[in-house]
Amino acid sequence: MATQHGLQERRRQRLRFQLRRKSGGRPRLSVFRSGKNIYAQVIDDAQGVTLASASTLEKTLRESGKTGANVDAASVVGKLVAERALAAGVTAVVFDRGAYLYHGRVKALAEAAREGGLSF
């Protein structure tokens, strides 16, 4: 019988396989969502380097007093990662939602990144 973690890993690998086929060399905007925080990274898989990252654990976001487990914090992280990616010279990415549904915090982060100037 498959465990919850095993099923999530299968979904994540299935999605990444499709992203690799359709990315066309664009970097990947990867999202990780935990119970208390949300993290985003722009990763260049060809070179194996992280070009930009943002999370709710950063000092500026922690000082605002908000928790990282809500839609508002996810949208702030999305805008921040888009700003940093544009500063690194990245304008087009492919969105990697991982094993998560495109709903709630993940959707808010993606929409904020689009508003911040990233295209995907």
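Structure: see above.
Quantities reported herein were computed from a predicted structural model and do not represent experimental measurements.

> Can you help me understand the side chain of Arg12 in this one?
Mapping Arg12 onto the fold places it in helix H1 (residues 4–22). For Arg12, a relative accessible area of 15% gives the class buried. Among all residues touching Arg12, those that are not within four sequence positions of it are Gly98 and Ala99.

> Would you mind going over the pattern of salt bridges with me for this structure?
Pairing is possible between side chains that carry opposite charge, provided their charged atoms lie close to one another. For the structure on display, the rule yields five salt bridges. Arg12 is the partner of Glu9 in a salt bridge, and the nearest nitrogen-oxygen pair spans 2.6 Å. In this pair, Glu9 and Arg12 both sit in helix H1, three residues apart, roughly one turn of the helix. With a closest N to O distance of 2.8 Å, Arg16 and Asp96 form a salt bridge. With Arg16 in helix H1 and Asp96 in strand S4 (residues 94–96), this pair connects stretches of sequence that are 80 residues apart. Each member of the salt-bridge network shares a partner with another, and the members are Arg16, Arg28, Asp45 and Asp96.

> Which parts of the structure should I look at to understand the nonpolar core?
What tends to happen in soluble globular proteins is that the nonpolar side chains get buried as a cluster. Counting residues in hydrophobic clusters, the biggest one holds 24 residues, and the most contacted among them are Leu29, Val42, Val77, Phe95, Leu109 and Leu118. Only strand S1 (28–33), strand S2 (38–44), strand S3 (49–55), helix H3 (71–87) and helix H4 (105–115) provide two or more residues apiece to this core. By residue number, the principal contributor to this core is H3, which donates six residues.

> Help me understand the packing of aromatic side chains in this model?
Describing an aromatic ring pair means giving the distance of the ring centres and the angle of the ring planes. Summed over the entire model, instances satisfying the criterion amount to four aromatic pairs. On the basis of an interplanar angle of 65° and a centroid distance of 6.5 Å, the ring pair of Phe32 and Tyr100 is categorised as edge-to-face. Placement of the pair is Phe32 in strand S1 and Tyr100 in the loop between S4 and H4, with a sequence separation of 68 residues. Exposure remark for Phe32: the relative accessible area of 43% places this residue in the partly exposed category. Classification of Tyr100 as buried rests on a relative accessible area of 9%. Among the aromatic residues, ring-to-ring pairing joins Phe32, Tyr39 and Tyr100 into one connected group.

About the cut-offs
Residues numbered from 1 in each chain as written. Predicted model: local features only at pLDDT ≥ 70, side-chain atom pairs only at ≥ 80, totals over all residues. Heavy atoms only, no water. Helix = DSSP H or I, 4+ residues; strand = E, 2+ residues; numbered from the N terminus. Buried < 20%, exposed > 50% of the residue type's maximum accessible area, 1.4 Å probe, protein only. Contact = heavy atoms within 4.5 Å. Salt bridge = Lys/Arg side-chain N within 4 Å of Asp/Glu carboxyl O. Core = buried A, V, L, I, M, F, W, Y, C linked by side-chain atoms within 4.5 Å. Phe/Tyr/Trp six-rings, centres within 6.5 Å; stacked < 30°, edge-to-face > 60°.

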